[in-house]
Amino acid sequence: MPLTIIIGAQWGDEGKGHITDRLAQGAAVVARYSGGDNAGHTVTIGNEIFKLHLIPSGIIHPGVVCLIGNGAVVNPAVLLREMDALAARGIDIGPARLRLSGSAHLITPGHMALDRAHERERGRGAIGTTLRGIGPAYADKARRVGLRAELLANPAALATTLAGHITATNDILARVYGEEPLDAAAILADYAALAVRLAPHLVDGPALLDETLARGQTVLAEGAQGTLLDLDHGTYPFVTSSSPTAGGAITGLGVGPRHVDRVIGVAKAFTTRVGSGPFPTELDGAAAARLRGTGENPWDEFGTTTGRPRRVGWLDLPILRHARQINSLSDLVLTKLDILSGLAEIPVCVAYDLDGDRRAGFPTDLAVLARCRPIYETLPGWREDITGARCPADLPANARRYVDFVAEGAGVPVSYVSVGPGRAQFIAL
Ligand code: IMP
């Protein structure tokens, strides 16, 4: 029975929370499969705004079980802070509702210190990471020296493994980067206390999902980041250290591909990116400020996790075609269409000019991408405020035309558009 995967089709921050929130209503389990608290998901319900980094947005729906899956990396201190903040707002975050896969990896202060040291050393070539320790935690996982969440249920093993990890990290911090060592005793004491609270949430994630699917219930795989931040399929090295694409959902949850019935790509009606790396349709000046917003609204283009202003640009169809191809998308959700209202004309990148040749696909070789110049088609805009639109007929003809143009250019149907941050500001097409 069905596993629905939600994927970011661009560089993250596409507004995946909106569709996740809607589909979570019919799901038994909502599961995160990759990344950690580098993600930021905003869900707006009435006047309440929930900003989540680690816990799946399904937690807002009573009765939905939320799983942090094998493929995720978890900073236990951040997880507990997020749990406490939700509990303070009356949301049940007990062990029956919030489950942590024992095979997920832990992020430590050592990983965060290394993330900072690596970025400092890269200087002008810095990736612009979120400094949450994501890369070093995944590097330790790949080196087979990581700390798995299952250690939280085993105080003696946690103490030994963590002590070894901090000693090794201090060695690198001192010898390679000339930095002060971390206080191992304080970290061990903190983690011992965190473990007591988190151990009851541990679960065999793949077994939980297998039982859920066997009962005929729906599992929703909630993506974080986006296709172009994927370690294998993104703009390497300006990527995160995990696999936010559909393949990553399969390995990150421990579910076979035969269960997947739908892969939903979420794309903004324009493009944004945080951190360094190429961005062919990037804008600056007044045009960028127009799309970014001022930062007064929580949905303006400033990072949920870092507060950094996002880089912004016009919609890029080669990127969406790349996302369709890598994830075998079944449909697209186009978010923030309302931000384009009032523009007289809206350019859309339909292909790239590569040394005089027209190229429809997205090259992930950065040297090639750097030579690509966007080829735009300009669509007519619309003046009307569409934030009150609730059905396709409420949209002005040019807004419909824009959506149809995107669907045709990306090669995948658009199933929903969002016209504002509210739960109701969502139109099924
Ligand atoms: P890291 O994941 O912290 O290692 O950061 C690597 C790159 O991914 C940086 O460019 C970050 O800005 C970007 N990144 C990581 N998570 C997100 C996200 O949730 N949204 C947008 N960009 C992200």
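Residues numbered from 1 in each chain as written. Predicted model: local features only at pLDDT ≥ 70, side-chain atom pairs only at ≥ 80, totals over all residues. Heavy atoms only, no water.

## Regarding the overall build of the chain
The secondary structure content of the chain amounts to twelve helices and 19 strands. For the chain, whose C-alpha radius of gyration is 21 Å, the value lies close to the compact-globule estimate of 22 Å for 429 residues. Seen through its C-alpha atoms, the chain measures out along the principal axes to roughly 65 × 50 × 40 Å. Looking at the chain residue by residue over its 429 residues, the buried ones come to 56%. Counting contacts in the chain only where the partners sit at least 6 residues apart, residues at least 24 apart contribute 76% of the total. Entry remark: accessible area of the chain is about 16900 Å², with carbon and sulfur atoms responsible for 53%. Within the chain, the 44 negative side-chain charges are centred at a point lying 1 Å from the centre of the 41 positive side-chain charges. (Helix = DSSP H or I, 4+ residues; strand = E, 2+ residues; numbered from the N terminus. Rg over C-alpha atoms; globule rule 2.2 N^0.38 Å. Buried < 20%, exposed > 50% of the residue type's maximum accessible area, 1.4 Å probe, protein only. Contact = heavy atoms within 4.5 Å. Areas by Shrake-Rupley, 256 points an atom, 1.4 Å probe, with all protein chains shown as cover. Lys, Arg positive; Asp, Glu negative; His and termini not counted. Charge placed at Lys NZ, Arg CZ, Asp CG, Glu CD.)

## Describing the site of the ligand
The full set close to the ligand counts 16 residues, and Asp13, Asn38, Thr130, Thr240 and Arg308 are the nearest of them. The contact in question runs from a nitrogen atom of the ligand to an N or O atom on the side chain of Asp13, over 3.1 Å. Here an oxygen atom of the ligand sits 2.6 Å away from a polar atom, N or O, in the side chain of Thr240. With the chains in place, 96% of the 470 Å² that the ligand exposes on its own is no longer accessible. When its residues are assigned to classes, the shell around the ligand shows seven nonpolar, seven polar and two charged. (Near = heavy atom within 4 Å. Polar contact = N/O pair within 3.5 Å; in protein donor to acceptor, adjacent residues only side chain to side chain. Nonpolar A, V, L, I, M, F, W, Y, C, P; charged D, E, K, R; others polar.)

## A short note on the side chain of His322
With respect to the secondary-structure elements, His322 resides in helix α10 (residues 317-327). His322 gets classed as buried once you look at its relative accessible area, which sits at 8%. Side-chain polar atoms of His322 contact the backbone oxygen of His233, separated by 2.8 Å. Setting aside chain neighbours within four positions, we find His322 in contact with Thr227, Leu228, His233, Phe362 and Thr364.

## Some remarks on the pairing of strand β15 (residues 345-354)
On any regular strand, side chains alternate: one points to one face of the sheet, the next to the other face. The buried fraction of β15 amounts to eight of the ten residues, a majority that puts the element mostly inside the structure. Summarising the sheet, β15 and strand β16 (residues 357-359) pair through three bridges and their orientation is antiparallel. The partner of Tyr352 across the bridge, within β16, is Arg359. Linking β15 to β16, which pair antiparallel, is a turn of two residues; within it Asp355 sits at a positive phi near 50°. (Pairing = 2+ DSSP bridges.)

## A word on the nonpolar core
Counting 59 residues, the largest nonpolar core has Ile5, Leu320, Leu332, Leu337, Leu340, Leu395 and Tyr402 as the members making the most contacts within it. Once residues lying within four places of it in the same chain are set aside, the contact partners of Leu320 are Ala9, Gln10, Ala267, Leu315, Leu332, Val406 and Ala410. Formed by 35 residues, the second largest nonpolar core is a distinct cluster that contains Val74, Met83, Leu86 and Leu198. (Core = buried A, V, L, I, M, F, W, Y, C linked by side-chain atoms within 4.5 Å.)

## A word on the environment of Arg89
Relative to the elements of secondary structure, Arg89 occurs in the loop between α2 (76-88) and β7 (98-101). When the C-alpha atoms of Arg89 and Ile250 are compared, they prove to be 33 Å apart, with 161 residues separating the residues in sequence.

## A word on the packing of aromatic side chains
For any pair of aromatic rings, the description rests on two quantities: the centre-to-centre distance and the angle between the ring planes. Scanning the entire structure with this criterion turns up four aromatic pairs. Over the ring of Phe50 we find Arg89, and its NZ or CZ is 4.1 Å from the ring centre. (Phe/Tyr/Trp six-rings, centres within 6.5 Å; stacked < 30°, edge-to-face > 60°. Lys NZ or Arg CZ within 6 Å of the ring centre and 35° of its normal.)

## Thoughts on the state of the cysteines
By the definition in use, this model includes zero disulfides. Lacking any disulfide linkage, Cys372 is separated from the closest cysteine sulfur, that of Cys349, by 9.0 Å. Given the relative accessible area of 2%, Cys372 is considered buried. (Disulfide = S-S within 2.5 Å.)

## What about the packing of α10 against helix α12 (residues 397-410)?
It is the contact of α10 with α12, at a shortest axis distance of 8 Å, that shows an interaxial angle of 55°. Taken together, the axes of α10 and α12 are oblique relative to one another. Of the two possible hands of crossing, α10 and α12 adopt the one that is right-handed. Where α10 approaches α12, its residues Leu317, Leu320, Arg321 and Arg324 are matched on the opposing element by Phe405, Val406, Gly409 and Ala410. Tallied by class, the residues present in the contact of α10 with α12 amount to five nonpolar, one polar and two charged. (Axes fitted to C-alpha atoms, helices over the stretch in contact; angles between N-to-C directions. Parallel < 35°, antiparallel > 145°, perpendicular 65-115°, else oblique. Left-handed = near helix turned anticlockwise from the far one by under 90°.)

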